[in-house]
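Spelled out from the first residue to the last, the chains are:
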Amino acid sequence: MDTETKSRFTSAGLEVVARYTGVDVPSVDEAFHRVVHIDATPVQRMQKRGPDAAHRVDDAWKTCAREGGVVADDGAFLAADGMRYGWVHVRLTPATDISALADQGGELLFIARSLSGHRVCAASTEGSEYWILEADFPAQE
């Protein structure tokens, strides 16, 4: 396990289970290009400013991910820490706060995938807003 990746996820309150070595789809690259692109339509938008903005984007992402089936009953899902490393099997904890994954400039990009690969839910910064985005990935035949 890459220690930098593990540290980033644990600092956001996620339990890191293991690096995901499966080859099923979607890959991080496929998920990124399908969910976070110029013509993407967010399911929710919120202002990035304000004292509670980080809390709001964290709550909105968790709600979308849970209701959309990205997060398993035990809190498990796959998360991406950039394009180069691939998926990491993680689990939500009571301390999870995805806004802690924002870079020093406040830019956030967090992409999560269900263990089965059927759904992706992301949180990103777009201008002065946080966007929550999602996409379905039908089973491959």
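Since we're looking at a predicted model, the values are computed, not measured. (Residues numbered from 1 in each chain as written. Predicted model: local features only at pLDDT ≥ 70, side-chain atom pairs only at ≥ 80, totals over all residues. Heavy atoms only, no water.)

(A) Quick peek at the nonpolar core. Counting residues in each nonpolar core, the largest one holds 28 residues, and the members touching the most others are F9, W61, F77, V90, F110 and I132. Every element with two or more residues in this core is listed here: α3 (53-67), β3 (76-80), β4 (87-91), β5 (109-113), β6 (119-126) and β7 (129-136). Ranked by residue count, the leading element in this core is α3, at six residues. Setting aside anything within four residues of it in sequence, one finds I132 in contact with P42, V43, Q44, M46, V57, A60, W61, C64, C121, A122 and A123. Of all hydrophobic cores here, the second largest spans 15 residues; its members include V36, L133, A135 and F137. (Core = buried A, V, L, I, M, F, W, Y, C linked by side-chain atoms within 4.5 Å. Buried < 20%, exposed > 50% of the residue type's maximum accessible area, 1.4 Å probe, protein only. Helix = DSSP H or I, 4+ residues; strand = E, 2+ residues; numbered from the N terminus. Contact = heavy atoms within 4.5 Å.)

(B) Spotlight on helix α1 (residues 3-11). Where α1 begins, the side chain of D2 points an oxygen toward the backbone nitrogen of E4, at a separation of 3.3 Å. Just beyond α1, the residue with positive phi is G13, at close to 80°. (Polar contact = N/O pair within 3.5 Å; in protein donor to acceptor, adjacent residues only side chain to side chain.)

(C) Region of the structure containing the state of the cysteines. Inspection of the entire model under this criterion finds zero disulfides. Summary of cysteine pairing: C64 is not part of a disulfide, and the nearest cysteine sulfur, belonging to C121, is at 3.2 Å. Among the residues examined, C121 registers a relative accessible area of 1% and is labelled buried. (Disulfide = S-S within 2.5 Å.)

(D) Geometry of the environment of S124. Mapping S124 onto the fold places it in strand β6. Look past the residues within four positions of S124 in its chain and what remains in contact with it is L108, L109, E129, Y130, W131 and L133. Looking at S124, its side chain comes within polar contact range of the side chain of E126, at 3.1 Å.

(E) Spatial organisation of the packing of aromatic side chains. Considering all chains together, one arrives at three aromatic pairs under this definition. On the numbers, 5.5 Å between centres and 55° between planes, the contact of W61 with F77 is tilted. Taken together, the residues span a long stretch of sequence, with W61 in helix α3 and F77 in strand β3 at a distance of 16 residues. Look at W61 and you get buried, because its relative accessible area is 0%. Take F77: its relative accessible area is 0%, and that puts it in the buried class. Here the aromatic rings of F77 and F110 are separated by 6.3 Å at their centres, their planes lie at 90°, and the arrangement is edge-to-face. Here F77, found in strand β3, pairs with F110, found in strand β5; they are 33 residues apart in sequence, far enough to count as distant. Here F77 matches F110 in class, with each residue buried. Positioned over the ring face of Y85 is R19, at 4.1 Å from the centre of the ring. One cation-aromatic arrangement involves R34 over F137; the distance from NZ or CZ to the ring centre is 4.4 Å. (Phe/Tyr/Trp six-rings, centres within 6.5 Å; stacked < 30°, edge-to-face > 60°. Lys NZ or Arg CZ within 6 Å of the ring centre and 35° of its normal.)

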